[in-house]
Amino acid sequence: MYTSSSSRKRIDLLNIKMQSTKQKILTAATRLFRKQGYNGTSMNNIAEEVGIKAASIYNHFKSKQLILQDLLLNVATHFTKGMNEIEAANLSAEEKLER
């Protein structure tokens, strides 16, 4: 199924409306870091994407670097959880590698 870029953006925006402000910041930062790069994204860009003032971000994160740190820790946690599930599975070594 093909979805246009504008359709995906609308779906993303609807999902963002149902998230906490901190999660909205993380979601917006993820999208902007991917699109513009870390150095190409400012706190103002993130705030604009979320629909808040840049100063409000600092109620949740002290810096852009800490936003990135939080994102990376989430990825590492998700990865580790998946690896632990594979390791604990009653599968052959070959089947584990395929997962």
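Small disclaimer: the values here were computed from a predicted structure and weren't measured.

Thresholds applied
Starting from 1, residues in each chain are numbered consecutively following that chain's sequence as written. This being a predicted model, a pLDDT of at least 70 is required before a residue's local features are given, and a value of 80 or more before pairs of side-chain atoms are given or counted; all residues contribute to the totals for chains, interfaces and linings. The side-chain quantities take in all heavy atoms of the structure and omit both hydrogens and water. Comment: elements are numbered from the N terminus, with helices defined as DSSP H or I runs of at least four residues and strands as E runs of at least two. What a helix is expected to span follows from its residue count: subtract one and scale by 1.5 Å. When a residue's accessible area, from a 1.4 Å probe over protein chains only, is under 20% of the maximum for its type it is buried; when over 50% it is exposed; and in between it is partly exposed. Here, residues are in contact when the closest pair of their heavy atoms is within 4.5 Å. Each salt bridge in this description consists of a side-chain nitrogen of Lys or Arg and a carboxyl oxygen of Asp or Glu lying within 4 Å of one another. Axes, fitted as lines to C-alpha atoms, cover a helix only where it is in contact. Angles between the N-to-C directions of the axes lie from 0 to 180 degrees. If an angle is under 35 degrees, it is roughly parallel; if it is over 145, roughly antiparallel; if it lies from 65 to 115, roughly perpendicular; otherwise it is oblique. Two helices crossing with the near one rotated counterclockwise from the far one by less than a right angle form a left-handed crossing, whereas a clockwise rotation gives a right-handed crossing. For this classification, the nonpolar set comprises Ala, Val, Leu, Ile, Met, Phe, Trp, Tyr, Cys and Pro, the charged set comprises Asp, Glu, Lys and Arg, and every other residue, Gly included, is treated as polar.

This brings us to helix H5 (residues 64-88). Residue pairs three or four apart in sequence face the same way in an α-helix, which turns once every 3.6 residues. An ideal rise of 1.5 Å per residue puts 36 Å on 25 residues; H5 measures up with 36 Å between its terminal C-alpha atoms. Here H5 has its buried residues at Lys64, Ile67, Asp70, Leu71 and Ile86. Summarising the contacts, the buried residues of H5 are in contact with helix H2 (21-36), helix H3 (43-50), helix H4 (54-57) and helix H6 (93-98).

Turning our attention to the pattern of salt bridges. For the structure shown, the criterion picks out two salt bridges. Note that Lys22 and Asp70 form a salt bridge whose closest N and O atoms lie 3.9 Å from each other. In this pair, Lys22 is assigned in helix H2 and Asp70 in helix H5, connecting sequence segments 48 residues apart. A relative accessible area of 19% places Asp70 in the buried class. A salt bridge links Glu49 to Arg31; the nearest nitrogen and oxygen atoms lie 2.8 Å apart. Linking Glu49 in helix H3 with Arg31 in helix H2, this pair joins segments that are 18 residues apart in sequence.

With that out of the way, let us pick up the packing of H2 against H3. Between H2 and H3, whose axes approach to 9 Å, the crossing angle comes to 125 degrees. It follows that H2 is oblique to H3 by the angle criterion. In this structure, H2 crosses over H3, and the sense of that crossing is right-handed. Here Lys24, Ile25, Ala28, Ala29, Arg31, Leu32, Phe33 and Gln36 of H2 lie close against H3, whose contacting residues are Asn45, Ile46, Glu49 and Val50.

Direction vectors running N to C along H2 and H5 enclose 90 degrees, while the axes themselves pass 10 Å from each other. Judged by the angle between their axes, H2 and H5 are roughly perpendicular. Where H2 approaches H5, its residues Lys22, Ile25, Leu26, Ala29, Thr30 and Phe33 are matched on the opposing element by Lys64, Ile67, Leu68, Asp70, Leu71 and Asn74. Tallied by class, residues from the contact of H2 with H5 come to seven nonpolar, two polar and three charged.

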